[in-house]
Amino acid sequence: MRLALATGAALGLVAQPALARPAAKPRAQPAPLVTPEAMRVHKAVLTLDTHLDTPAMLGMPGWSIMDRHDARRDFSTVDVPRMKEGHLDGGFWAIYTPQGPLTPAATRAARDFAVARGIEIHEMVAAHPQTFALADKAADAAKIAASGRIVVYLSIENAWPLGDDVTLLDTFYRMGVRICGFAHFRNNQFADSSTDKEQWGGLSPAGKALLAEMNRLGVVPDLSHSSDKALEDAITLSKAPIILSHSGTRAVYDHPRNIDDDHLRALSAQGGVIQINTVYVKAEKAEALRTAALHALAEKYPESRTLAAAERASYLAERRAIDKAYPIVDGPTFADVMANLLHAIKVAGVDHVGIGADWDGGGGVAGLEDVASLPKITEALLKAGYTREDVARIWSGNVLRVLAAAEAEAAKESAAPPAA
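Residues numbered from 1 in each chain as written. Predicted model: local features only at pLDDT ≥ 70, side-chain atom pairs only at ≥ 80, totals over all residues. Heavy atoms only, no water.

Colleague: Please set out the overall build of the chain residue by residue, giving values where relevant.
Modeller: When its secondary structure is counted, the chain shows 16 helices and nine strands. Compactness check: the chain gives a C-alpha radius of gyration of 24 Å against a globular reference of 22 Å for 420 residues, within 12% of the reference. In terms of overall dimensions, the chain has C-alpha extents of about 100 × 45 × 40 Å along its principal axes. For the chain, the proportion of its 420 residues judged to be buried stands at 52%. (Helix = DSSP H or I, 4+ residues; strand = E, 2+ residues; numbered from the N terminus. Rg over C-alpha atoms; globule rule 2.2 N^0.38 Å. Buried < 20%, exposed > 50% of the residue type's maximum accessible area, 1.4 Å probe, protein only.)

See the structure below:
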């Protein structure tokens, strides 16, 4: 078509504008997510999230980390296009195992599940070497980000798969695990959960042995999901700073998964950090029918099993139907996330707070639906009076300091002469 028009014009055959169309109206551009200055700062700092549950998506048929997804359609919140849009440089990709019965058979199955999940993370990196890179030390993150690739540390959420052999953590360390949690929603052999009845009174004897193994290897102990008494044990016993990889503040939302101000101060004094999530930030006024429907859906499609393509489609359709039938009223918002973040900074100090939003593990609120929205956090921190240097510490500096301290403790223990 272009060739014909060009030839006609050259021969003088197109002498009148009879076929000319009115100029198209310019498309309205979407409003910028944040101010240019906030975006400049956000792009300039190294941004890491300490709790990415996205590995749970990697084995789903037809789902690719390289494609852009929509949280409103498939409830996923992290992929490469949205990470680039939100300028998230990477973080800690979780090997999450839902807690099951503490039987030998179930524990062996959990071990195999966790190993397979770690392999899936490695396969993601190997399949896209220009996009992802595995990180080993704290110093690696900045180098990887500078190369234009996404930073991939590994973490463990729920140490149950380690069974009764804490030295198995060495295998996961070699796989790239640099943060390890103890328990999840239920007690296990290592610790009491914050959402279960007390069994051990904190860390169990096995949990204390696991903590010592973390210190020996250079793995940061993670007390998110563990009880207050387990947190106290870790603060007292750990030779390196600890982390709450995805928690909130009890002063803003009184929930056992969150941390009160006294424990927050103790965490800060020990040198640790709390990474604020987007899940337990505000009480939801959910209808009983919605809660019951979601529980039934979880039982029908257990998270411990990888769904086939048809099952996955059915799950998504049923989940969307629940959201339509029983929408959340007055649910948590971006403002609630910031209220938790700013309170934590006020109590613990800017050197002891970071971001661990729990993406793809339940994270996401109105106004902060996925990682594409992350520059809004930077803008809100700047508006609250924090400096570019403060923002850099919150986004990555604090967690990397803690990881470097874990590395230093491991080196110290490795160099020490063996005990008599």
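Colleague: Can you tell me about the side chain of H184, naming the residues and giving the values?
Modeller: Here H184 shows up in the loop between β5 (177-181) and α9 (205-217). A distance of 3.3 Å separates a polar atom in the side chain of H184 from a polar atom in the side chain of H225. Contact partners of H184, with chain neighbours within four places excluded, come to Y96, E157, N158, S193, T195 and H225. (Polar contact = N/O pair within 3.5 Å; in protein donor to acceptor, adjacent residues only side chain to side chain. Contact = heavy atoms within 4.5 Å.)

Colleague: Lay out the pairing of β5 in plain terms, naming residues and giving numbers.
Modeller: Note on strand geometry: in a regular strand, side chains alternate between the two faces of the sheet. A large share of β5 lies buried, amounting to five of its five residues. The parallel pair strand β4 (residues 150-157) and β5 is bridged by helix α8 (residues 169-175), and the resulting crossover is right-handed. As judged from the three bridges shared by β5 and strand β6 (residues 220-222), these two strands associate in the parallel manner. Bridging across to β6, I179 finds its partner in V220. (Right-handed = clockwise from strand over helix to strand, strands pointing away. Pairing = 2+ DSSP bridges.)

Colleague: I'd like a rundown of the pattern of salt bridges, residues and numbers included.
Modeller: For the structure shown, the criterion picks out 20 salt bridges. With a closest N to O distance of 2.8 Å, E37 and R40 form a salt bridge. Residue E37 and its partner R40 are located together in helix α2 (residues 36-44), separated by three residues, close to a single helical turn. The class for R40 is partly exposed, based on a relative accessible area of 47%. In this structure, the salt-bridge partner of E213 is R216, at a minimum N-O distance of 2.7 Å. Taken as a pair, E213 and R216 lie in helix α9 at a separation of three residues, close to a single helical turn. Here E213 falls in the buried class, since its relative accessible area comes to 9%. The class for R216 is partly exposed, based on a relative accessible area of 40%. (Salt bridge = Lys/Arg side-chain N within 4 Å of Asp/Glu carboxyl O.)

Colleague: Tell me about the packing of α9 against helix α16 (residues 388-415), and please be specific about residues and values.
Modeller: Close contact between α9 and α16 brings their axes to 6 Å; oriented N to C, the two are set at 90 degrees. Judged by the inter-axis angle, α9 sits roughly perpendicular to α16. Residues N215, R216 and L217 of α9 form the contact with α16, whose own contacting residues are A406, E409, A410 and E413. Looking at the contact of α9 with α16 residue by residue, the class counts come to three nonpolar, one polar and three charged. (Axes fitted to C-alpha atoms, helices over the stretch in contact; angles between N-to-C directions. Parallel < 35°, antiparallel > 145°, perpendicular 65-115°, else oblique. Nonpolar A, V, L, I, M, F, W, Y, C, P; charged D, E, K, R; others polar.)

Colleague: Just give me the short version of unusual backbone geometry, but keep the residues and values in it.
Modeller: The backbone phi angle of H87 is positive, close to 50 degrees, even though this residue is not glycine. By the element assignment, H87 lies in the loop between α5 (80-86) and β2 (90-96). By relative accessible area, which is 26% here, H87 ends up partly exposed. Non-glycine residue H225 carries a positive phi angle of around 80 degrees. Looking at the secondary structure, you find H225 in the loop between β6 and α10 (228-237).

Colleague: Would you mind going over the side chain of N398 in detail, with residue names and values included?
Modeller: In this structure, N398 sits in helix α16. In this structure the side chain of N398 is engaged in a polar contact, spanning 2.9 Å, whose partner is the backbone oxygen of V350. Not counting residues within four places of it along the chain, the set of residues in contact with N398 comprises V273, V350, D351, H352, V353 and R393.

Colleague: Tell me about the packing of aromatic side chains, and name the residues and values.
Modeller: Scanning the model with the defined rule gives three aromatic pairs in all. Relative to F132, the ring of W93 lies with its centre 6.1 Å away and its plane at 85 degrees, an arrangement referred to as edge-to-face. Separated by 39 residues along the polypeptide, W93 in strand β2 and F132 in strand β3 (residues 132-134) bring together distant segments of the chain. Taking relative accessible area as the criterion, W93 reaches 0% and is therefore assigned buried. Using a relative accessible area of 1% as the deciding quantity, one classes F132 as buried. (Phe/Tyr/Trp six-rings, centres within 6.5 Å; stacked < 30°, edge-to-face > 60°.)

Coordinates in, geometry out; function isn't part of it.
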